[in-house]
Number of protein chains: 2
Amino acid sequence: MNGNALDRLVVLFSKLPGIGKKSAGRIAYHILDSNPSFAVTLANELSGLHKAIRKCSICGGFTEADPCFVCCDPKRDSSIICVVESAQDIRIIEDGKEFSGVYHVLGGLIAPLDGVSPANLSIDKLINRLSDTKNKQVKELILALNPTVEGDTTALYLQKTLKEYSVIISRLASGMPVGGNIEYIDKLTLSRSFRGRIRI
Amino acid sequence: MNGNALDRLVVLFSKLPGIGKKSAGRIAYHILDSNPSFAVTLANELSGLHKAIRKCSICGGFTEADPCFVCCDPKRDSSIICVVESAQDIRIIEDGKEFSGVYHVLGGLIAPLDGVSPANLSIDKLINRLSDTKNKQVKELILALNPTVEGDTTALYLQKTLKEYSVIISRLASGMPVGGNIEYIDKLTLSRSFRGRIRI
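Just so it is clear, the structure is predicted and the values come from calculations on it, not from any experiment. (Residues numbered from 1 in each chain as written. Chains lettered and ligands numbered in written order. Predicted model: local features only at pLDDT ≥ 70, side-chain atom pairs only at ≥ 80, totals over all residues. Heavy atoms only, no water.)

Enquirer: Help me understand the overall build of chain A in this model?
Expert: Scanning chain A from terminus to terminus reveals eight helices and six strands. Projecting the C-alpha coordinates of chain A onto the three principal axes gives extents of approximately 65 × 50 × 35 Å. Expressed as a percentage of its 200 residues, the buried residues of chain A come to 38%. Taken as a whole, chain A presents about 11900 Å² of accessible surface, with 54% of it coming from carbon and sulfur. Averaged over its 25 positive side-chain charges, chain A has a centre that lies 1 Å from the centre of its 21 negative ones. (Helix = DSSP H or I, 4+ residues; strand = E, 2+ residues; numbered from the N terminus. Buried < 20%, exposed > 50% of the residue type's maximum accessible area, 1.4 Å probe, protein only. Areas by Shrake-Rupley, 256 points an atom, 1.4 Å probe, with all protein chains shown as cover. Lys, Arg positive; Asp, Glu negative; His and termini not counted. Charge placed at Lys NZ, Arg CZ, Asp CG, Glu CD.)

This is the structure:
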């Protein structure tokens with residue numbers, strides 16, 4: 001059965017993140033067992049995806065119309081910019097309905113070992129947004145970067161680079177997740193929870 | 001961002017088995033970030049899938065050519081038929097390289113609560129294969145059905161229905177998985193391991 005249409009589909013699916021060989025097989029057989037219209041709909045969406053979706057020229061998020069719906073929305077507070085690693089993070093933060101400012105996608109995190117330097121990130125564009133006098137003055141940059149070595153490095157770099165701009169730079173709180181158990185928390189997280197403790 | 005191409009793709013992916021809303025989002029963004037040729041290749045494979053793959057008229061497995069490569073292979077022992085629930089099971093058993101006979105896909109298991117009766121399964125076709133004098137006499141039927149209530153019911157039904165045919169009916173051994181730990185095995189599995197114990 002090597003090299004037939006089903007095997008080729010399994011190989012393609014197993015290239016997707018979080019899908020191993022077994023899951024890929026399960027998915028391919030599921031599609032084969034389903035109504036052919038599902039496969040055709042999925043095929044059409046996939047083939048049209050890159051034509052339909054582009055990057056927003058302001059924030060760098062994925063969008064059908066440029067600028068994106070967040071950057072265009074007059075109700076959003078453009079004086080607060082949430083800096084994220086990838087466009088997908090915007091989706092996750094929007095789902096949380098906590099943030100009403102605008103976004104800026106860096107397109108990665110500084111990771112010298114992976115060959116990602118500050119020049120590879122959309123930092124110049126961020127500086128332009130801070131210094132652009134046509135827009136409303138940016139008051140705060142919220143760095144919504146992962147609490148990892150790469151996230152910490154990038155946050156530190158941004159803090160140093162943007163020192164000269166009169167903008168508050170904050171970072172998302174790092175500590176114990178809601179519903180977590182002190183017993184099972186790693187030392188680094190516990191230490192951050194202590195350092196970031198909040199007076200009640 | 002509701003209702004755009006990306007959201008529609010996420011909804012479609014989340015309909016696949018084992019993929020939740022978060023994984024679907026991750027996959028869709030991954031495809032968007034990848035080379036557009038990947039999306040196009042996947043789209044082409046999906047749209048051509050149902051045209052390329054059909055069911056083997058003998059065993060019921062998925063195949064590009066009819067009969068399938070197993071049923072056509074003169075090296076396979078057609079006197080031993082391995083009865084499986086779904087076409088996907090053939091792939092898993094073939095990967096194990098343990099079995100050199102042929103297959104028969106039932107297309108499900110007897111499950112009265114889900115409205116699946118023996119009439120919904122490919123049992124008549126199995127009986128035809130047993131009684132067809134043109135072919136080599138079938139000596140053994142290996143029931144490779146899940147050790148679940150539905151699998152047990154179906155095995156019992158087949159055993160009763162095929163009583164009149166001079167064919168050995170066997171079932172895959174059920175017991176502790178290799179590398180398992182007696183401490184963590186459930187009672188039913190342990191009981192089956194005892195009943196199916198093998199003299200060494």
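Next, the rest of the story.
Enquirer: Is there a simple way to explain the pattern of salt bridges in this structure?
Expert: Pairs can form between side chains of opposite charge once their charged atoms are near each other. In this structure the tally under the stated criterion is 11 salt bridges over all chains. With a shortest N-O distance of 3.0 Å, Arg91 of chain A and Asp7 of chain B are connected by a salt bridge. Taken together, the residues Arg91 of chain A in helix H5 (residues 87–96) and Asp7 of chain B in helix H1 (residues 5–13) connect one chain to another. Arg171 of chain A is the salt-bridge partner of Asp152 of chain A, the closest N and O atoms lying 2.8 Å from each other. On the criterion of sequence distance, the pair formed by Asp152 of chain A in helix H7 (residues 149–161) and Arg171 of chain A in strand S6 (residues 168–171) is long-range, its members being 19 residues apart. Among the residues examined, Asp152 of chain A registers a relative accessible area of 26% and is labelled partly exposed. (Salt bridge = Lys/Arg side-chain N within 4 Å of Asp/Glu carboxyl O.)

Enquirer: Is there a simple way to explain the pairing of strand S4 (residues 101–105) of chain B in this structure?
Expert: Each regular strand shows side chains that alternate between the opposite faces of the sheet. Residues and elements named next belong to chain B. Within S4, five of the five residues are buried, which leaves the element mostly enclosed by the surrounding structure. With five bridges joining them, strand S3 (residues 77–84) and S4 adopt parallel strand pairing. Residue pairing across strands places Ile81 opposite Val102, the latter belonging to S4. After leaving S3, the chain enters helix H5 (residues 87–96) and then returns to the sheet as S4, a path that is right-handed. (Pairing = 2+ DSSP bridges. Right-handed = clockwise from strand over helix to strand, strands pointing away.)

Enquirer: Looking at this structure, how should I read the sheet that holds strand S5 (residues 140–144) of chain B?
Expert: Strand pairs in the sheet, formed through backbone hydrogen bonds, run parallel or antiparallel to each other. All names here are of chain B. Judged by pairing direction, the sheet is parallel, and its four strands sit side by side in the order S4-S3-S5-S6 without closing on themselves. Across the chains shown, the open sheet's two edge strands, defined by having one partner strand only, are S4 and strand S6 (168–171). With strand direction ignored, the average angle separating the axes of adjacent strands in the sheet is 25°. Across the sheet, helix H6 (residues 123–131) touches S3, S4 and S5, and the angle it forms with S4 is around 150°. (Axes fitted to C-alpha atoms, helices over the stretch in contact; angles between N-to-C directions. Contact = heavy atoms within 4.5 Å.)

Enquirer: Any chance you could explain the packing of helix H2 (residues 21–33) of chain A against H5 of chain B here in plain terms?
Expert: Packed helices, taken two at a time, are described by the angle their axes make and the gap between the axes. For the pair H2 of chain A and H5 of chain B, the least separation of the axes is 10 Å and the interaxial angle reads 150°. Judged by the angle between their axes, H2 of chain A and H5 of chain B are roughly antiparallel. Of the two elements, H2 of chain A crosses H5 of chain B, and the hand of that crossing is right-handed. Mapping the contact onto sequence places Lys21, Gly25, Arg26 and Tyr29 of chain A in H2 of chain A and Ala87, Gln88, Arg91 and Asp95 of chain B in H5 of chain B. (Parallel < 35°, antiparallel > 145°, perpendicular 65-115°, else oblique. Left-handed = near helix turned anticlockwise from the far one by under 90°.)

Enquirer: Even after reading the chapter, I still don't get the packing of H2 of chain A against helix H3 (residues 36–52) of chain B, so can you show me in this structure?
Expert: The contact between H2 of chain A and H3 of chain B brings their axes to 10 Å, and the two run at 55°. When the axis of H2 of chain A is compared with that of H3 of chain B, the two are oblique. With respect to the hand of their crossing, H2 of chain A and H3 of chain B are arranged in right-handed fashion. Contacts between H2 of chain A and H3 of chain B involve Ala28, Ile31 and Leu32 of chain A on the former and, on the latter, Leu46, Leu49 and His50 of chain B. Partitioning the contact of H2 of chain A with H3 of chain B into residue classes produces five nonpolar, one polar and no charged. (Nonpolar A, V, L, I, M, F, W, Y, C, P; charged D, E, K, R; others polar.)

Enquirer: What should I look at first to understand the interface of chain A and chain B in this one?
Expert: Contacts between the two partners involve 46 residues from chain A and, on the opposite side, 46 residues from chain B. Carbon and sulfur atoms supply 72% of the area that chain A and chain B bury against each other, a total of about 4900 Å² over both sides. The salt bridge involving Lys21 of chain B is made with Asp95 of chain A; its shortest N-O contact spans 4.0 Å. If you look at where chain A meets chain B, you find 12 residue pairs in polar contact (both at pLDDT 80 or more). Looking at the side of chain A that touches chain B, the elements with two or more residues in it are helix H1 (5–13), H2, helix H3 (36–52) and H5 of chain A. Sorting elements by how many residues they give to the side of chain A that touches chain B places H3 of chain A first, with 12 residues. In terms of residue class, the side of chain A that touches chain B is made up of 27 nonpolar, nine polar and 10 charged. (Buried area = accessible area lost by both parts, 1.4 Å probe. Polar contact = N/O pair within 3.5 Å; in protein donor to acceptor, adjacent residues only side chain to side chain.)

Enquirer: I would appreciate a short explanation of the relation of the copies chain A and chain B in the present structure.
Expert: Between the two copies of the chain lies a rotation about an axis combined with a shift along it. Note on the identical chains: chain A maps onto chain B by a rotation of 180° and an axial translation of 0.0 Å, with an RMSD of 0.1 Å. One copy is carried onto the other by what is essentially a two-fold rotation axis. Judged by C-alpha distance, Ala43 of chain A is the residue of chain A that lies nearest the rotation axis, at 2.0 Å. Comparing contact sets, 100% of the residues at the interface of chain A also lie at the interface in chain B, consistent with an isologous, same-surface contact. (Least-squares fit on C-alpha atoms with pLDDT ≥ 70 in both.)

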